[in-house]
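For reference, the chains in residue letters:
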Amino acid sequence: MIKGATNEKKKKTIITLLIIVGILVYGLYWLFFDWGRFKQELISESTSPNGTYTIYAYLNNTHATTPFTVLGELVFNDSSKRSKKIYWDKAENADILWIDDNTVEINGIIISVPNESYDFRKGIH
């Protein structure tokens, strides 16, 4: 009987640990990788001259003491590649102007797509 009770306790401990690890992994994903929570209001969109890319700009207003921010998402129209965040700035609008097929200007920031992105905390990278 004691051996069976010990196995049950081990199973419960393992299940509890797996649940805790799962919650932590999801929390880290949500915090650092899930940009969907910032897609509150679509305020602008623009397609590149050759139609390869589309940029969607979303306004994020957390209704807290933080300023408005704009998230720019680059979508690959002719490919199954995942979209990527290319622009993140403290702003309330998004003026998008394509300079050529691979260069875009968003609110005065020039970005070479798809390899560059702009984050107001780090600049262009």
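Let me begin by describing the structure that accompanies this report. (Residues numbered from 1 in each chain as written. Predicted model: local features only at pLDDT ≥ 70, side-chain atom pairs only at ≥ 80, totals over all residues. Heavy atoms only, no water.)

### What to know about the overall build of the protein
Reasoning step 1: Secondary structure assignment for the protein yields 1 helix and 9 strands.
Reasoning step 2: Each helix (α) and strand (β) of the protein, taken in turn from the N terminus, gives the series α-β-β-β-β-β-β-β-β-β.
Reasoning step 3: Within the protein, the proportion of its 125 residues that are buried is 30%.
Reasoning step 4: Of the contacts formed within the protein by residues at least 6 apart in sequence, a portion of 34% connects residues at least 24 apart.
Reasoning step 5: Carbon and sulfur atoms make up 59% of the accessible area of the protein, which amounts to about 8500 Å² in all. (Helix = DSSP H or I, 4+ residues; strand = E, 2+ residues; numbered from the N terminus. Buried < 20%, exposed > 50% of the residue type's maximum accessible area, 1.4 Å probe, protein only. Contact = heavy atoms within 4.5 Å. Areas by Shrake-Rupley, 256 points an atom, 1.4 Å probe, with all protein chains shown as cover.)

### Section: the pattern of salt bridges
Reasoning step 1: Here the structure, examined in full by the defined rule, presents 2 salt bridges.
Reasoning step 2: Its salt-bridge partner being D119, residue K85 comes within 3.8 Å of it at the nearest N-O pair. Of this pair, K85 sits in strand 4 (residues 84-89) while D119 sits in strand 8 (residues 118-119), placing them 34 residues apart in sequence.
Reasoning step 3: Since its relative accessible area comes to 2%, D119 is described here as buried.
Reasoning step 4: A salt bridge links R121 to D119; the nearest nitrogen and oxygen atoms lie 2.7 Å apart.
Reasoning step 5: The exposure class of R121 is exposed, given its relative accessible area of 55%. (Salt bridge = Lys/Arg side-chain N within 4 Å of Asp/Glu carboxyl O.)

### Some thoughts on the environment of E73
Reasoning step 1: Mapping E73 onto the fold places it in strand 3 (residues 69-76).
Reasoning step 2: Remark: the alpha-carbon pair of E73 and K84, spanning 11 residues in sequence, is separated by 5.6 Å.
Reasoning step 3: A polar contact is formed between the side chain of E73 and the side chain of S83, at a distance of 2.7 Å. (Polar contact = N/O pair within 3.5 Å; in protein donor to acceptor, adjacent residues only side chain to side chain.)

### Notes on the sheet that holds strand 1 (residues 41-47)
Reasoning step 1: With mixed pairing, 6 strands are arranged side by side in an open sheet as 1-2-3-4-8-9. Both outer strands of the open sheet, strand 1 and strand 9 (123-124), are each paired with one neighbouring strand and no more.
Reasoning step 2: Note: strand 1 against strand 2 (residues 53-60), 6 bridges, orientation antiparallel. Among the inter-strand pairings, L42 is bridged to a residue of strand 2, identified as Y58. (Pairing = 2+ DSSP bridges.)

### Considerations on the nonpolar core
Taken as a class, soluble globular proteins show a tendency for nonpolar side chains to be buried jointly.
Reasoning step 1: One finds I55, Y87, I96, V104, I106, I111 and V113 to be the most contacted residues of the largest nonpolar core, which totals 19 residues.
Reasoning step 2: Of all the elements in the fold, those that place two or more residues in this core are strand 2, strand 3, strand 4, strand 5 (96-100), strand 6 (103-106) and strand 7 (109-112).
Reasoning step 3: Apart from residues lying up to four places away in sequence, I106 is in contact with I55, I86, Y87, D95, I96 and I111. (Core = buried A, V, L, I, M, F, W, Y, C linked by side-chain atoms within 4.5 Å.)

### What about a nonpolar patch on the surface?
Reasoning step 1: Taken together, I15, I19 and I23 make up a surface patch of nonpolar side chains, about 310 Å² in accessible area.
Reasoning step 2: Inspection of the secondary structure assignment puts I15 in helix 1 (residues 2-32). (Patch = residues over 30% accessible without salt bridge, like charges linked within 9 Å, V, L, I, M, F, W, Y side chains within 5 Å.)

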